Amino acid sequence: MRTLLFILSLFTLNAYGACLDAVVLVHGNTASPSSWANTLALLKAKGYQDSELFVPTWGSKSCAACNDHNGSEETPVKTALQQALAASCTGKIDVIGHSMGATLAAQQIVKLGIAGQVDTFVGIAGAFRGLYSCGIYPYNVLTSTCGSYGLSIGSPFLDNLYGDTFGSRVYSIKSYIDQVVCSTGTCLVYGVHSSSIWYEDASYTYNLGHFGLQTDTADLQVSLIQN
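> How should the nonpolar core be read in this particular structure?
Soluble globular proteins: nonpolar side chains tend toward being buried together. Within the largest apolar cluster, 38 residues are counted, with the highest numbers of intra-cluster contacts made by Ile 93, Val 95, Ile 109, Phe 121, Phe 128 and Phe 166. Of all the elements in the fold, those that place two or more residues in this core are strand S1 (22-26), helix H3 (74-87), strand S3 (93-98), helix H4 (100-112), strand S4 (118-124), strand S5 (131-136) and helix H5 (156-161). Here the element with the most residues in this core is H4; it accounts for six residues. In this view, Ile 93 contacts Asp 21, Ala 22, Leu 81, Ala 84, Leu 85, Ser 88, Ile 114, Gln 117, Val 118, Asp 119 and Thr 120; residues no more than four positions away in its chain are not counted. By size, the runner-up hydrophobic cluster in this structure holds 22 residues, among which are Val 122, Leu 208, Ala 218 and Ile 225.

Encoded structure:
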């Protein structure tokens, strides 16, 4: 009888009390946590609890050109990463960012010095190498989003981020019909897709638009952080 109870207790622990990395989901410019609805639904279906999911909201919702990677935009993402680490039963976290949220999350991981505690980093439709629509720094840089803390090609922000590590495993999800990253007719910056991340373990290409890359790849996102 005791043996049976012991086996049942182990089954219950494995089924309902599995220790999972906490997950941080960082939305893009002017978006909101609700943009992660598909990913969140799948994570919860896979057994993640609300207490293991951190979805910060950041930046102006009405002025895309006003947002950059400096100051008030940083704080909610930094706080979410810190809270996720404090709550994680594994001591590790997984981070998924979309668009400008990907570069913002990457920046905060570097600033906090926690890359070693990030098990998996997934950048979706990010502009890690800059946007031609933002100009080549410092020329034709007209907005904060494209300025020195923004996504103009060769901006001080991107130059400082280049070559840094964001996690033990790094993946990118990209498209060649991305209306934002490829808005000028090319997705390539000096021959490399701007959404690709240096030292990445793999990159996945979909025939989806900028926002579809976030909403319609939930299965891949979840599978990558569960590998």
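> How do you make sense of the pattern of salt bridges when you look at a structure like this?
Any two side chains of opposite charge can pair, on the condition that their charged atoms come close. A full pass over the atoms with the stated rule returns three salt bridges. The salt bridge involving Lys 44 is made with Asp 50; its shortest N-O contact spans 2.9 Å.

> Just to check I follow, could you spell out the sheet that holds S4 for this structure?
Strand pairing in a sheet relies on backbone hydrogen bonds, with the paired strands running either antiparallel or parallel. Strands sit in the order S2-S1-S3-S4-S7-S10 across an open sheet of six strands; the sheet is parallel. Every interior strand has two partners, whereas the edge strands, strand S2 (53-54) and strand S10 (202-205), have only one. The pairing of strand S7 (residues 169-174) with S10 spans four bridges and is classified as parallel. By the bridge assignment, Tyr 171 is partnered in S10 with Ala 202.

> So what exactly am I meant to see when it comes to the state of the cysteines here?
Covalent bonding between the sulfur atoms of two cysteines is what defines a disulfide. This structure, assessed with the given rule, holds four disulfides. Note on cysteine connectivity: Cys 63 is disulfide-linked to Cys 66, with sulfurs 1.9 Å apart. Judged by the sign of its S-S torsion, about 70 degrees, the bond between Cys 63 and Cys 66 is right-handed. Two residues share a disulfide in this structure: Cys 134 and Cys 146, whose sulfurs sit 2.0 Å from each other. The S-S bond linking Cys 134 to Cys 146 shows a torsion near -60 degrees; that makes this disulfide left-handed. With Cys 134 in strand S5 and Cys 146 in the loop between S5 and strand S6 (152-153), this pair connects stretches of sequence that are 12 residues apart.

The rules behind the values
Residues numbered from 1 in each chain as written. Predicted model: local features only at pLDDT ≥ 70, side-chain atom pairs only at ≥ 80, totals over all residues. Heavy atoms only, no water. Core = buried A, V, L, I, M, F, W, Y, C linked by side-chain atoms within 4.5 Å. Buried < 20%, exposed > 50% of the residue type's maximum accessible area, 1.4 Å probe, protein only. Helix = DSSP H or I, 4+ residues; strand = E, 2+ residues; numbered from the N terminus. Contact = heavy atoms within 4.5 Å. Salt bridge = Lys/Arg side-chain N within 4 Å of Asp/Glu carboxyl O. Pairing = 2+ DSSP bridges. Disulfide = S-S within 2.5 Å.

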